[in-house]
Amino acid sequence: AQSVTQPDIHITVSEGASLELRCNYSYGATPYLFWYVQSPGQGLQLLLKYFSGDTLVQGIKGFEAEFKRSQSSFNLRKPSVHWSDAAEYFCAVGARSGGYNKLIFGAGTRLAVHP
Amino acid sequence: DVKVTQSSRYLVKRTGEKVFLECVQDMDHENMFWYRQDPGLGLRLIYFSYDVKMKEKGDIPEGYSVSREKKERFSLILESASTNQTSMYLCASSSGGVGYNEQFFGPGTRLTVL
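Residues numbered from 1 in each chain as written. Chains lettered and ligands numbered in written order. Predicted model: local features only at pLDDT ≥ 70, side-chain atom pairs only at ≥ 80, totals over all residues. Heavy atoms only, no water.

1. A few points about the interface of chain B and chain A
Phase 1 of the analysis: Each partner contributes residues to the interface: chain B has 21 residues there, and chain A has 23 residues.
Phase 2 of the analysis: Here chain B packs against chain A, burying approximately 1800 Å² in sum over the two surfaces, 56% of which is carbon and sulfur.
Phase 3 of the analysis: At the boundary of chain B with chain A, the tally comes to one salt bridge.
Phase 4 of the analysis: Taking the shortest distance from any N to any O, the salt bridge between K102 of chain A and D59 of chain B comes out at 2.6 Å.
Phase 5 of the analysis: Linking chain B to chain A there are five residue pairs in polar contact (both at pLDDT 80 or more). (Contact = heavy atoms within 4.5 Å. Buried area = accessible area lost by both parts, 1.4 Å probe. Salt bridge = Lys/Arg side-chain N within 4 Å of Asp/Glu carboxyl O. Polar contact = N/O pair within 3.5 Å; in protein donor to acceptor, adjacent residues only side chain to side chain.)

Here is the structure:
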């Protein structure tokens, strides 16, 4: 069965430091991969997505992610974190079930940013 | 600007009450989804709809039903609310067609069942 694992429940970084959030997926075919961010009191917003092509994907707010098939990973990175990046981040994989497309989400990683 | 709105941000109900959560999208999207979000579990799909009057069960449909009478509106119904349905409920919509289109999310409804 398809699944998404985000190994880190909480991460704390200092403002200006680099960031990497980990995501591992389980899916038989070529995956469709997404990263969403949820700021406090908000719904989810799409940061970036990977469907095919270049394995390094650029997103909004200065984020990027790299698809590594050999490691079944799609880690999210940012070179310099801002205080406004404090939020919860969700990795998701597109899956086919019962003839329909749907998203399967990881449990999320909550990011805290120290000044 | 694309928008998904949910009828309430916070809701408090009593055990056994019938609860309606409403979701409206203004993007003319074919697909609409209801998720619940719980700490440590991420988002889990309750029900989804790919067309008016059409519904499909997601991963955790027990205790819930849905209604989609108009394209822009997707309602989640708790026939008899229970305390284990205390959660954050998120609605989303996406355009139709082949492939995985971006889902746009509403701000969520935090439901507490006492």
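2. Side note on the pattern of salt bridges
Phase 1 of the analysis: This model, assessed by the stated rule, comprises 12 salt bridges over all chains.
Phase 2 of the analysis: For D8 of chain A, the salt bridge identified is with R22 of chain A, shortest N-O distance 2.9 Å. Note that D8 of chain A is positioned in the loop between β1 (3-5) and β2 (10-14) and R22 of chain A in the loop between β3 (19-21) and β4 (24-26), a separation of 14 residues in sequence.
Phase 3 of the analysis: The exposure class assigned to D8 of chain A is buried, which follows from its relative accessible area of 18%.
Phase 4 of the analysis: With relative accessibility at 39%, the residue R22 of chain A sits in the partly exposed group.
Phase 5 of the analysis: Note that K71 of chain B is salt-bridged to E30 of chain B, the shortest N-O span being 3.8 Å. (Helix = DSSP H or I, 4+ residues; strand = E, 2+ residues; numbered from the N terminus. Buried < 20%, exposed > 50% of the residue type's maximum accessible area, 1.4 Å probe, protein only.)

3. Brief notes about the environment of L46 of chain A
Residues and elements named next belong to chain A.
Phase 1 of the analysis: In this structure, L46 sits in strand β6 (residues 44-50).
Phase 2 of the analysis: What makes L46 buried here is its relative accessible area of 11%.
Phase 3 of the analysis: L46 sits 43 residues away from Y89 along the chain, and the two C-alpha atoms are 9.9 Å apart.

4. Some details on the state of the cysteines
Residues and elements named next belong to chain B.
Phase 1 of the analysis: Under the definition given, this model contains two disulfides over all chains.
Phase 2 of the analysis: Disulfide partner of C23: C91, at an S-S distance of 1.9 Å. Its S-S torsion of about -75° marks the bond between C23 and C91 as left-handed, since a negative value means left-handed. Remark: C91 occurs in strand β9 (residues 87-94) and C23 occurs in strand β3 (residues 19-25); sequence separation between them is 68 residues. Taken as a pair, C23 and C91 share a single burial class, namely buried. (Disulfide = S-S within 2.5 Å.)

5. Observations regarding the sheet that holds strand β7 (residues 65-70) of chain B
Residue and element names in this part refer to chain B.
Phase 1 of the analysis: On the basis of which strands lie adjacent, the open sheet formed by four strands has the order β1-β3-β8-β7 and antiparallel pairing. Both outer strands of the open sheet, β1 (4-6) and β7, are each paired with one neighbouring strand and no more. When strand polarity is set aside, the average angle formed by the axes of neighbouring strands in this sheet is 20°.
Phase 2 of the analysis: Relative to β3, β1 runs antiparallel, the two being bridged by three bridges. The residue of β3 that forms the bridge with T5 is V24. (Pairing = 2+ DSSP bridges. Axes fitted to C-alpha atoms, helices over the stretch in contact; angles between N-to-C directions.)

6. A few points about the pairing of strand β9 (residues 73-78) of chain A
All names here are of chain A.
Phase 1 of the analysis: In terms of burial, β9 is a largely internal element, five of the six residues being buried.
Phase 2 of the analysis: Summarising the sheet, β3 and β9 pair through three bridges and their orientation is antiparallel. Looking at β9, one finds that L21 is bridged to L76.
Phase 3 of the analysis: Two strands pair when backbone bridges link them, and strand β8 (residues 64-68) and β9 are joined in this way by five bridges, in the antiparallel orientation. Bridge assignment links K68 to a residue of β9, and that residue is S73.
Phase 4 of the analysis: Remark: four residues form the turn of the hairpin made by β8 and β9, two consecutive strands paired antiparallel; S72 in that turn has positive phi of roughly 50°.

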